[in-house]
Structure formats: structure tokens, C-alpha cells
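# Structural features, examined
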Amino acid sequence: MQRPRFQTSDTFQVGGLLALVGGFLDAHTYISRGGVFAFAQTGNLIMLGIRISEGSLGQALRYLLPISAFILGVLAAELIRRYFLARSDFHWRQIVVAAEALILAAVSFIPQGELNTVSTTLISFLCAMQVESFRKFCGNSYSTTMCTGNLRSGTELLFHFCADRHKKDGKRSAQYYGIILLFVLGAVLGGLLTRLLSVHAALFGCLPLIGVFWLMYQELEPNREL
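Residues numbered from 1 in each chain as written. Predicted model: local features only at pLDDT ≥ 70, side-chain atom pairs only at ≥ 80, totals over all residues. Heavy atoms only, no water.

Along the chain, the regular secondary structure elements total 8 helices and 2 strands. Reading the helices (α) and strands (β) of the chain from amino to carboxyl end gives α-α-α-α-α-β-β-α-α-α. Here the C-alpha radius of gyration of the chain, 18 Å, is about what a compact globule of 226 residues would show, namely 17 Å. The 226 residues of the chain split such that 44% are buried. Approximately 11,700 Å² of the chain is accessible, and the part contributed by carbon and sulfur atoms is 67%. One way to put it: in the chain the 19 positive side-chain charges average out to a point 4 Å from where the 14 negative ones average out. (Helix = DSSP H or I, 4+ residues; strand = E, 2+ residues; numbered from the N terminus. Rg over C-alpha atoms; globule rule 2.2 N^0.38 Å. Buried < 20%, exposed > 50% of the residue type's maximum accessible area, 1.4 Å probe, protein only. Areas by Shrake-Rupley, 256 points an atom, 1.4 Å probe, with all protein chains shown as cover. Lys, Arg positive; Asp, Glu negative; His and termini not counted. Charge placed at Lys NZ, Arg CZ, Asp CG, Glu CD.)

See below:
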């Protein structure tokens, strides 16, 4: 039986590296940038509602800005996809990853304090680009920036593997749990490095992105519409 082929951007290696970035940046921004999550916009929406209910409109703005940046990041990723999709010398997702790395490198030199909002807004922007551009690995729909959906899908497949003994379900479940573990590992590294290096720890988040950029030169399936 012929093995299914995937774009490099859809492989477990790329998905794992991006999950590592997702966990790393959420821990980093929470610790170093005033308790704001870069990827988890659900948390920011909840905090926005809480601050509005308290009448603290100034504090609400603190959460509204990264939410707005996330929306703009999705739009930017779609614009990049539309403009670069037909290019043959590189993949449009490489442009997204390169932009992520450059923004993150810039954020690592923004000092803590009054400019925290600028940092979290920029990180939310790059996170949205990642979410919009990388949606599946090995044929599975997933997220590299949050784990609720991944945990649900992985556990559902685990149930079917245990109940029906389908090896395919067991493999897919293991892939989901692998992504979750890498996300947690990223959060651990983000926490440790941020406490050690403060805002400059963000530079380490660029390393997995550089790895993704390089891996995408190893294209397995030349169908750029995926």
C-alpha cells in the first residue's frame, strides 16, 4: 500500500516545532508582559468582558488590542497566501514563518513596563498568522497555539482505538498527544528562560521557526494550494 504523502508544512516535525513555539510564547508573554496570553484569545476575551463589567475601560483596552491584532494577523496571512501562492521559488508559508521570526526578534528588545501592550499586540499578530497558515498535520486538523481541540480529538481517537482496535486511530491519537506534550514542553522552556533572561528570552522562540523555515525546503508534495 502506498504511503500517503504530505506537504512538509503538514508533517509532524513542523507541527511539533510550531506547538513548541505556541507553548513557549504563551508562557513568555504571561510571565514577562503582564499576564496577557499571546495565543489564547479566549482568555483575553474573558478578561475583556470582566474588565468591562467592572467599569475598567482602560484595563479592557489592554486586552482589546491583542484581540484586534489577532484579527489583523489572520487577514495578513490570507493576503500573503493570495499573493505568494503561485510563486515557485518558495512556499507562501515560509513568508509567514520568516515574518514571525523577525517580529519575535524585534519584540525581544522591547523593554518591560509601559511598552508591554506593544509587545503583546505584536506577538498576537504573529500568532494569528501561524494559526491561519498551519491548520493540519498528517491529515489531522489541529492547532499549534492551544490544546483544547487537540485534547478532544486525541482522546476521541484513543477511545475508538481502545473500543474498535483500529491501529490508525491509535497512531493519530498518539500524534495529537505528541503535539500536546510539545506544547507543554514549550511552556516549560518559556517559563524557565523568561525567568532567567526576561524579555530577551523571546529570541529563543525564533529557533523553532528557523527550523520550520528550513524544513519547508524539503517539500514532499508540490501542491501549494494545501
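Here the narrative resumes.
Time to look at the environment of Ser198. Along the chain, Ser198 falls in the loop between helix H7 (167-197) and helix H8 (206-215). A relative accessible area of 26% places Ser198 in the partly exposed class. The spacing of Ser198 and Ser32 is 166 residues in sequence and 6.3 Å in space, taken between C-alpha atoms. A polar contact is formed between the side chain of Ser198 and the side chain of Gln112, at a distance of 3.3 Å. (Polar contact = N/O pair within 3.5 Å; in protein donor to acceptor, adjacent residues only side chain to side chain.)

Further remarks concern unusual backbone geometry. The backbone of Arg165 shows a phi angle near 60°, a positive value even though the residue is not glycine. Among the structural elements, Arg165 can be located in the loop between helix H6 (148-164) and H7. A positive phi is found at Ser198, a non-glycine position, where the angle reads about 60°.

Moving on, we get to the pattern of salt bridges. Any two side chains of opposite charge can pair, given that their charged atoms come close. Taken as a whole and assessed by the stated rule, the structure comprises 3 salt bridges. When the shortest N-O distance is used, the salt bridge between Glu54 and Arg51 registers 3.2 Å. Salt-bridge contacts for Glu132 lead to Arg135; the nearest nitrogen and oxygen are separated by 2.5 Å. For Glu132, a relative accessible area of 15% translates into the label buried. Arg135 gets classed as partly exposed once you look at its relative accessible area, which sits at 48%. (Salt bridge = Lys/Arg side-chain N within 4 Å of Asp/Glu carboxyl O.)

Low-pLDDT stretches of the model should not have their predicted coordinates read in fine detail. Confidence in the prediction for the chain averages 86 pLDDT; 90% of positions are at 70 or higher. Summarising per-element confidence for the chain, the mean pLDDT is lowest in strand E1 (residues 136-137) (80) and highest in H7 (94). (pLDDT = per-residue confidence, 0-100.)

For the rest of this paragraph, the subject is the packing of aromatic side chains. With the rule as written, the count across this model stands at 1 aromatic pair. Taking 4.8 Å as the distance between ring centres and 85° as the angle between the ring planes, the aromatic pair formed by Tyr83 and Phe84 counts as edge-to-face. If you follow Arg93 out to its NZ or CZ, it ends over the ring of Phe134, 5.9 Å from the centre. (Phe/Tyr/Trp six-rings, centres within 6.5 Å; stacked < 30°, edge-to-face > 60°. Lys NZ or Arg CZ within 6 Å of the ring centre and 35° of its normal.)

Closest axis-to-axis distance for the H6/H7 pair is 8 Å, and the angle between their directions is 155°. The pairing of H6 with H7 is recorded here as roughly antiparallel in orientation. Here H6 runs over H7; the crossing is left-handed. Taking contact as the criterion, the partners of Asn150, Leu151, Ser153, Gly154, Thr155, Leu157, Leu158, His160 and Phe161 in H6 are, on H7, Lys167, Asp169, Gly170, Arg172, Ser173, Tyr176, Tyr177, Ile179 and Ile180. Classifying every residue of the contact of H6 with H7 gives 8 nonpolar, 7 polar and 3 charged. (Axes fitted to C-alpha atoms, helices over the stretch in contact; angles between N-to-C directions. Parallel < 35°, antiparallel > 145°, perpendicular 65-115°, else oblique. Left-handed = near helix turned anticlockwise from the far one by under 90°. Contact = heavy atoms within 4.5 Å. Nonpolar A, V, L, I, M, F, W, Y, C, P; charged D, E, K, R; others polar.)

A few words on the nonpolar core. Among the nonpolar cores identified, the biggest contains 29 residues, and Leu25, Leu104 and Phe134 are the most heavily contacted of them. Of all the secondary structure elements, the ones that give two or more residues to this core are helix H1 (12-32), helix H4 (92-107), helix H5 (116-133), H7 and H8. (Core = buried A, V, L, I, M, F, W, Y, C linked by side-chain atoms within 4.5 Å.)

Here we take up the environment of Ile80. Topologically, Ile80 is positioned in helix H3 (residues 57-84). Look at Ile80 and you get buried, because its relative accessible area is 14%. For the pair Ile80 and Trp92, spaced 12 residues apart in sequence, the C-alpha to C-alpha distance is 6.6 Å. In contact with Ile80, not counting residues within four places along its chain, are Leu85, Trp92, Ile95, Val96 and Met129.

So, on to the side chain of Arg51. Its place among the elements puts Arg51 in helix H2 (residues 41-53). Not counting chain neighbours up to four residues away, the residues in contact with Arg51 comprise Ser56, Gln59, Ala60 and Tyr63.

Spanning 28 residues, H3 covers 40 Å between terminal C-alpha atoms, matching the ideal 40 Å at 1.5 Å per step. Burial in H3 covers these residues: Ala60, Tyr63, Pro66, Ile67, Ala69, Phe70, Gly73, Ala76, Ala77, Ile80 and Phe84. On its buried face, H3 is in contact with H2, H4 and H5. (Expected span 1.5 Å × (residues − 1).)

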